[in-house]
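Chain residues, written in single-letter form:
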Number of protein chains: 6
Amino acid sequence: MRPDGRLANELRPISIERRYTDSAAGSVLIAAGRTRILCTASVEEAVPAWKTNLAVPSGWVTAEYGMLPGSTVPRARRERGQVGGRTSEIQRLIGRSLRAVVDLAALGPRTITVDCDVLQADGGTRTASITGGFIALVDAVASLRGALPAGARVFRDSVAAISLGVVQGEVRLDLDYSEDRAADVDMNVVMTGSGRYVELQGTAERQSFSRADLENQFALAEAGVAELTALQRDALGDEWPLES
Amino acid sequence: MRPDGRLANELRPISIERRYTDSAAGSVLIAAGRTRILCTASVEEAVPAWKTNLAVPSGWVTAEYGMLPGSTVPRARRERGQVGGRTSEIQRLIGRSLRAVVDLAALGPRTITVDCDVLQADGGTRTASITGGFIALVDAVASLRGALPAGARVFRDSVAAISLGVVQGEVRLDLDYSEDRAADVDMNVVMTGSGRYVELQGTAERQSFSRADLENQFALAEAGVAELTALQRDALGDEWPLES
Amino acid sequence: MRPDGRLANELRPISIERRYTDSAAGSVLIAAGRTRILCTASVEEAVPAWKTNLAVPSGWVTAEYGMLPGSTVPRARRERGQVGGRTSEIQRLIGRSLRAVVDLAALGPRTITVDCDVLQADGGTRTASITGGFIALVDAVASLRGALPAGARVFRDSVAAISLGVVQGEVRLDLDYSEDRAADVDMNVVMTGSGRYVELQGTAERQSFSRADLENQFALAEAGVAELTALQRDALGDEWPLES
Amino acid sequence: MRPDGRLANELRPISIERRYTDSAAGSVLIAAGRTRILCTASVEEAVPAWKTNLAVPSGWVTAEYGMLPGSTVPRARRERGQVGGRTSEIQRLIGRSLRAVVDLAALGPRTITVDCDVLQADGGTRTASITGGFIALVDAVASLRGALPAGARVFRDSVAAISLGVVQGEVRLDLDYSEDRAADVDMNVVMTGSGRYVELQGTAERQSFSRADLENQFALAEAGVAELTALQRDALGDEWPLES
Amino acid sequence: MRPDGRLANELRPISIERRYTDSAAGSVLIAAGRTRILCTASVEEAVPAWKTNLAVPSGWVTAEYGMLPGSTVPRARRERGQVGGRTSEIQRLIGRSLRAVVDLAALGPRTITVDCDVLQADGGTRTASITGGFIALVDAVASLRGALPAGARVFRDSVAAISLGVVQGEVRLDLDYSEDRAADVDMNVVMTGSGRYVELQGTAERQSFSRADLENQFALAEAGVAELTALQRDALGDEWPLES
Amino acid sequence: MRPDGRLANELRPISIERRYTDSAAGSVLIAAGRTRILCTASVEEAVPAWKTNLAVPSGWVTAEYGMLPGSTVPRARRERGQVGGRTSEIQRLIGRSLRAVVDLAALGPRTITVDCDVLQADGGTRTASITGGFIALVDAVASLRGALPAGARVFRDSVAAISLGVVQGEVRLDLDYSEDRAADVDMNVVMTGSGRYVELQGTAERQSFSRADLENQFALAEAGVAELTALQRDALGDEWPLES
């Protein structure tokens, strides 16, 4: 029995609010249970130094991640001296996941930075950042419509992500923080809307896992990401950037 | 004529949402026009090292301030290498302003950190942080009720703050960002609910000001802070920590 | 009664020594009682990056502030890891104050850095830095005479500063360190030689203050800055950069 | 056809030299093709601060990773200002992988740090660090023999790791750097000697992958890690810490 | 012929002003030609952590060195991010030189920090720091008189230092900055008042030197340090801490 | 009697292995007794910013030094936050010593960085770095043969270095760590193959030394460096860059 009564393969209630603020080109507040993250996408008409001299001009998509101090109890210290290993790992994951579905050449010589700031943390913040960050990114690209060549197809696919874990021998989808702490295995799966894998991160500090456990996890993850993709499509409505 | 049609002595619409998140002991979303700030207050049962050996044990209230990258256009860089001078100045101001109305001895040997994170910036973020931060602080102290001695009076007064400026020769209250950029003088006034001054910061990089200008600014500030105090009292209702 | 027998509105003895060293273009040793500060002004024929592409080329004036370790008891730690909030606040204040009286366009595309290093600290170091820094700045601009267009008027006004405080209910001018520690209110006022306000910083962590207290402080500050302006004019003699 | 003529499921030649230096308690030089890494394990009779107050005293195993500047062309910059995201990710991975097979309580209140320094880099440095680091760790634990309780079983299993990739549609084991750069998918698999999974990290920035691709990768990885486990056992001989 | 007409073995005019400020326990302004350095010695009743658990309690003497920004043209950047290699080298040299003549056990469990801040730089700043720092240190120890056991002899000897160089084939004593830039060899010699060597630092980036050059340099250095020792003794008068 | 039975003027066994790795242009493993250092020399076709605008284009040679954590007991902490004073001093010494024998103009507009990483430390690491670094530098220059003008003579001389100390009143050559800790005087001498001095660093924190001691040290150092030069020449064989 899970703490909130969910089935092993059941997601927490997800809510997605687009245009949460109006300064950034894309701005999405995504909630998964008590986890709440503000994802903004900002456009800059320039690319990193290492991209400036390429023969074919091409854009860049990157991500940053942070937790507001009040998002956890006890209070999380601001990372002002040095970015911690966990933060660095998460923001690299988000960036790679978003780039996996973007045609950077079609984006043209500009950078979009997706910032994922956790307002409240209750497990699954990195995966919710990817799911919400994709929507903010779509809105930011939509804001460029006049600037992109007619017919430019920036998105090759959509992307969403979910966490899983093995708790007391049971594979469960979308762990909250109390389950996460008790889990023997911690898996994050990033997949495209078309059902292909983009990133896998599984870790078993406490109890290693068998090939069979892996198969179970993938089955749950595939169903979970399909649900999230449907929610992304609903949220974006006519802005959904892919053929249906 | 002001950009949004306000009178010179008129505040922007203010909204205050308590318990915006449920992790921190106090959590307030305050909006002043398009400016939107999440103020959380977290309690830690310890005091800074320099306070541990005092004869009379006494608590501490401190503040931190940050702007989310997506809160401005262009995107604000995260302060991860070194805290900038402006940020440091603002968070010191917020901390001093809140401490000015708190009886630290009554708080007991604990630290409350008020984090003010700007979700959207349109001028007046430091003053809104003080006005909203006070409410989060009251909620955090209320959460300690069982732990404080009966009859402990932690608050000696309430505190709120407002910005002013001289734009095209006219003294105006509560500037938005477009006015702030055009202002010759930039003044921040922090006052108690009882109408006394706590902090003054006036700066005139472009055009110095006369004693008469100053008098005008104080008159407007006093009226503005009185309005804000009334809004704080409404928001807190029965939790208002002072005699009426 | 003040510790050194002064009247409430009396400045400490001020001494100003120009050309204290001969390496920097301007070099002034200013003393106010036991407080002693070396202000040097160095010229660089370049401007900060953010100024290089402006349509109208224009110069820059900036300031840095530091305390020598032996300037206080106990010894002050060198700020080698990270510049502290107090230092950052002070050097921003000095820079803004000096820029308020300078016509940056008339200065041409060069940067003058005014360094204020405290050799001995006994209260009022930030205000003495402004008063002395102005003289070093005038000397540095004078050293450019051949390089500036004939008739260029770099200075629009002079600038000086003084501290005040409320000690045991009495408003006092130019506090030394022992008074500063006992003060309920701490106010710094920066004014031009023509009697207009440039910066105000008032803080009352211990005991808030009324509008009437403010009026008293302004009256004392205006008289104090007028005295300091006369001393600056004496020190500069024929180099005084303004019409008399 | 692979650059060096290997079959898709073939490891590069592996060499393992124990006691390469004699200062650290464990010291192993592992080579996989041209990749060459010095893994040392140092023992300290203390544990991190957050472990000191646990009810049951327990030890700690951690890892650090670095690349010597001359290990690559062009020269790799030393990470002296801030540890980069990639380095931080790798050393966290090595630490978790080693801890997954260690009974920290049996180790007692001491810390073993495994340092993996890359003398020459040609792909697969993080996985070779785990495979070689395990041997250094075994040697370090062996050096403690007198200090551990009789019969203490510090190791629950052995651990080794291998990289895989999809290059031109073919799943290949143990990529060298030239293959790694051309790969669409990059997978690192950490497994125990008993054939269970400890860590999975798969990333597909260029081309997402199907569930079937995944199955192929796991099959190759399982065979590769089995080979590496046999080599570890040979290298350790009588010091192999597990029942056979 | 030297730029200022001195003989090859002639020191620049030296002036020593004790009690230049009154905050630190020792405070000496030393000038050698245009070079001017403020040396202060501050006492703290504590020792560094690595000294706290020694069987025989013993004190510590350490040094810090800095150049004020206005001490050179062009302006020297403040070392606020990271202490540069040159600064670190110099302050380690000063510290070792002073400790070489101090009986740390006789000093008792306290730390004296000698800060050498260069007000104006014209060559020879590190050696003048040692010569002046010794006097500040003597004054600081004298201020402890009541706190030290009767008859405690803190100083075993005196210490002073001088620079030399080979310019156009000639060995010269006490180079100013213009000679220093032209020198092929740069040598710093630290000696005791009794004529023994404490530190030697010779460097020949441009033109290596022979054993015979070395002998010449030592002869000049010995005479120069003897002169400096006499000046130290004059400056200290009755405070000279050694038998005569 | 020395710990390993050597005579006072006897070097430890030296071994030199060229082409230890094949990534860097020069790669030398040098051992002196238990001390073992990997010296690599990497070429970059660019020069530091301050060299780019010189009238005569000229190259640069620089050095970095580091100790692997496992090179000592207890483990040496990685210098990831800030480079320590000792490291900075050593790498500056190595760089100056190598540049002293190089004609930077003949090298052309490129930078060679010599990295000296200590795999095992047992005294004398800075001097062995110079001796080994010279060989790596020769190999790196040799790799440029096609790129340099015909007949270019990059090396004016060879360079090697040795440490000495005074232990129990006896001057000894090439101290190991146990002797180094017991030494009253610590001297490092860098000389050319032609017998001229390049760098001298002598330090006597414990016990000052006389002119006669100095003479003894120089005699031993000269003989020691002559031996090292012969070993360098043997190792380089036909690549020896100087006339014989």
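Structural notes, computed from the coordinates. Here the residue numbering is sequential within each chain, running from 1 through the sequence in written order. Chain A is the first chain written and ligand 1 is the first ligand written, with later ones labelled in order. Since the coordinates come from a predicted model, pLDDT governs what is reported: local features require at least 70, and pairs of side-chain atoms require 80 or more to be given and counted, while whole-chain, interface and lining totals use all residues. In computing side-chain values, all of the structure's heavy atoms are included and hydrogens and water are not.

1. Details of the arrangement of the chains
Contact between chain A and chain C is absent, and the least distance between their C-alpha atoms amounts to 10 Å. Contact between two residues is taken to exist if any of their heavy atoms lie within 4.5 Å; hydrogens are not considered. Spatially, chain C and chain F are disjoint, and the shortest separation between their C-alpha atoms is 9 Å.

2. Comments concerning the sheet that holds strand β9 (residues 197–203) of chain C
DSSP calls a pair of strands paired once it identifies at least 2 bridges connecting them. Helix and strand definitions here come from DSSP, where helices need a minimum of 4 consecutive H or I residues and strands a minimum of 2 consecutive E residues; each element is numbered from the N-terminal end. Taken together, eight strands build an open sheet; the order of strands is β7(B)-β6(B)-β8(B)-β9(B)-β9(C)-β8(C)-β6(C)-β7(C) and the sheet is antiparallel. Two strands bound the open sheet, and with one partner strand each, they are β7 (170–173) of chain B together with β7 (170–173) of chain C. The sheet shows a mean angle of 20° between the axes of neighbouring strands, taken without regard to direction. One ladder, built from eight bridges, connects strand β6 (residues 159–167) of chain C with strand β8 (residues 185–192) of chain C; its direction is antiparallel. The residue bridging Val166(C) from the neighbouring strand is Val185(C), located in β8(C). Axes here mean lines fitted to C-alpha atoms, for a helix over just the part in contact, with angles spanning 0 to 180 degrees between N-to-C directions. Those strands touched by helix α1 (residues 85–99) of chain B are β6 (159–167), β8 (185–192) and β9 (197–203) of chain B together with β9 of chain C, and its axis lies near 155° from that of β9(B). Lying on the sheet, helix α5 (residues 211–236) of chain C is in contact with β9 of chain B together with β6, β7, β8 and β9 of chain C; it crosses β6(C) at an angle near 140°.

3. Focus: the pairing of β6(B)
Residue and element names in this part refer to chain B. Within β6, nine of the nine residues are buried, which leaves it mostly tucked inside the rest of the structure. Judged from the four bridges that link them, β6 and β7 form a sheet pairing that is antiparallel. Pairing of valine 166 across the sheet is with valine 171, part of β7. Linking β6 back to β7 in an antiparallel pair, the connection comprises two residues, with glutamine 168 at a positive phi of about 45°. Accessibility here uses a 1.4 Å probe with only protein chains present; expressed as a share of the type maximum, an area under 20% marks a residue as buried, one over 50% as exposed, and anything in between as partly exposed.

4. Some remarks on the relation of the copies chain A and chain B
Least-squares superposition aligns the copies on the C-alpha atoms of those residues with pLDDT at or above 70 in both. Between chain A and chain B, which share one sequence, the superposing operator has a rotation angle of 180° and an axial displacement of 0.0 Å; the RMSD is 0.0 Å. In the structure described here, the two chain copies are related by an operation that fits a two-fold rotation axis. It is Arg80(A) whose C-alpha, among those of chain A, lies nearest the rotation axis, at 2.2 Å. Most of the interface of chain A is mirrored in chain B: 100% of its interface residues are interface residues there too.

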